[in-house]
Amino acid sequence: LTKIVLFLLSGAFFFSYFEGWTFLEGLYFCTVTITSVGYGDLTPSGEYIKMVCTLYVFIGVIMTSNVIGQVTKQIVDSRLRAERERFYAKALTLERLIAIDKDGSGAISGAE
C-alpha cells in the first residue's frame, strides 16, 4: 500500500510539472488512470509524456491489481480463520457423539 501511494505521489509530481497542472490535478489524473477509469478530462499532451504515461499506466495497473489481490486475500484468510475457530470450538465430546448416533447402534454411519 505504501508503494502505491508513493507511486501515485511521484506520478502526480511528474505530470503536474511536465504538463503544467496543479499537484491535485496530477494526483487526480494518476488515480483515475491507474484505476483504469480514465475519464479523459485530463490527457498528456507531448509525445514523450505519452510514452512515459503508457509505462506509468502499465506499472500502475499491475500495482493496483496486486494491492486489490492482497486486500482480498487478507479478508478471505480472516474469514476462514474465524470459521475454523468456530468449527474447532465445537469440540467432539461423548455427548455429541451419542447425539449424532440417531439409531442408537453405538456406531456412527455415514448417513448419520
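Residues numbered from 1 in each chain as written. Predicted model: local features only at pLDDT ≥ 70, side-chain atom pairs only at ≥ 80, totals over all residues. Heavy atoms only, no water.

Colleague: Break down the overall build of the protein chain for me, with residues and values.
Modeller: A count of helical and extended segments in the protein chain gives four helices and zero strands. Along the protein chain, helices and strands appear, N-terminal first, in the series α-α-α-α. The C-alpha atoms of the protein chain give a radius of gyration of 27 Å, which is well past the 13 Å a tight globule of 112 residues would have. By principal-axis analysis of the C-alpha atoms, the protein chain measures approximately 85 × 20 × 20 Å. When each of the 112 residues of the protein chain is scored for burial, the buried share is 22%. Counted over contacts in the protein chain with a minimum sequence separation of 6, partners at least 24 positions apart contribute 43%. Just so you have it, the protein chain exposes about 8400 Å², and 65% of that area is on carbon and sulfur atoms. Side-chain charges of the protein chain comprise 10 positive and 11 negative groups, with the mean position of each set lying 4 Å from the other. (Helix = DSSP H or I, 4+ residues; strand = E, 2+ residues; numbered from the N terminus. Rg over C-alpha atoms; globule rule 2.2 N^0.38 Å. Buried < 20%, exposed > 50% of the residue type's maximum accessible area, 1.4 Å probe, protein only. Contact = heavy atoms within 4.5 Å. Areas by Shrake-Rupley, 256 points an atom, 1.4 Å probe, with all protein chains shown as cover. Lys, Arg positive; Asp, Glu negative; His and termini not counted. Charge placed at Lys NZ, Arg CZ, Asp CG, Glu CD.)

Colleague: Please set out the packing of aromatic side chains residue by residue, giving values where relevant.
Modeller: Applying the stated criterion across every chain yields a total of nine aromatic pairs. Look at Phe14 and Phe18: their rings are 4.7 Å apart centre to centre, the planes differ by 45 degrees, and that puts the pair in the tilted class. Taken together, the positions of Phe14 and Phe18, both in helix H1 (residues 2–19) and four residues apart, correspond to about one turn of that helix. Among the residues examined, Phe18 registers a relative accessible area of 44% and is labelled partly exposed. Between Phe87 and Tyr88 the ring centres are 5.4 Å apart and the planes differ by 70 degrees, which places this aromatic pair in the edge-to-face class. No difference in accessibility class separates Phe87 from Tyr88, as the two residues are exposed. An aromatic cluster of three or more residues is present, and its members are Phe7, Phe14, Phe15, Tyr17, Phe18, Trp21, Phe29 and Tyr56. (Phe/Tyr/Trp six-rings, centres within 6.5 Å; stacked < 30°, edge-to-face > 60°.)

Colleague: Lay out the nonpolar core with the relevant residues and their values.
Modeller: Formed by 14 residues in total, the largest nonpolar core has its most connected members in Phe15, Phe29, Cys30, Ile34 and Tyr56. Of all the secondary-structure elements, those providing two or more residues to this core are H1, helix H2 (23–34) and helix H3 (47–89). The element that contributes the greatest number of residues to this core is H3, accounting for five residues. Look past the residues within four positions of Tyr56 in its chain and what remains in contact with it is Phe7, Leu8, Gly11, Phe15, Cys30 and Ile34. (Core = buried A, V, L, I, M, F, W, Y, C linked by side-chain atoms within 4.5 Å.)

Colleague: Could you give me a rundown of the environment of Ile59, with the residues and numbers involved?
Modeller: Turning to its location among the elements, Ile59 is positioned in helix H3. Overall, the relative accessible area of 34% leaves Ile59 in the partly exposed class. It is 20 Å that separates the C-alpha atoms of Ile59 and Glu25, two residues lying 34 residues apart in sequence.

Shape is all these values report; function is a separate question.
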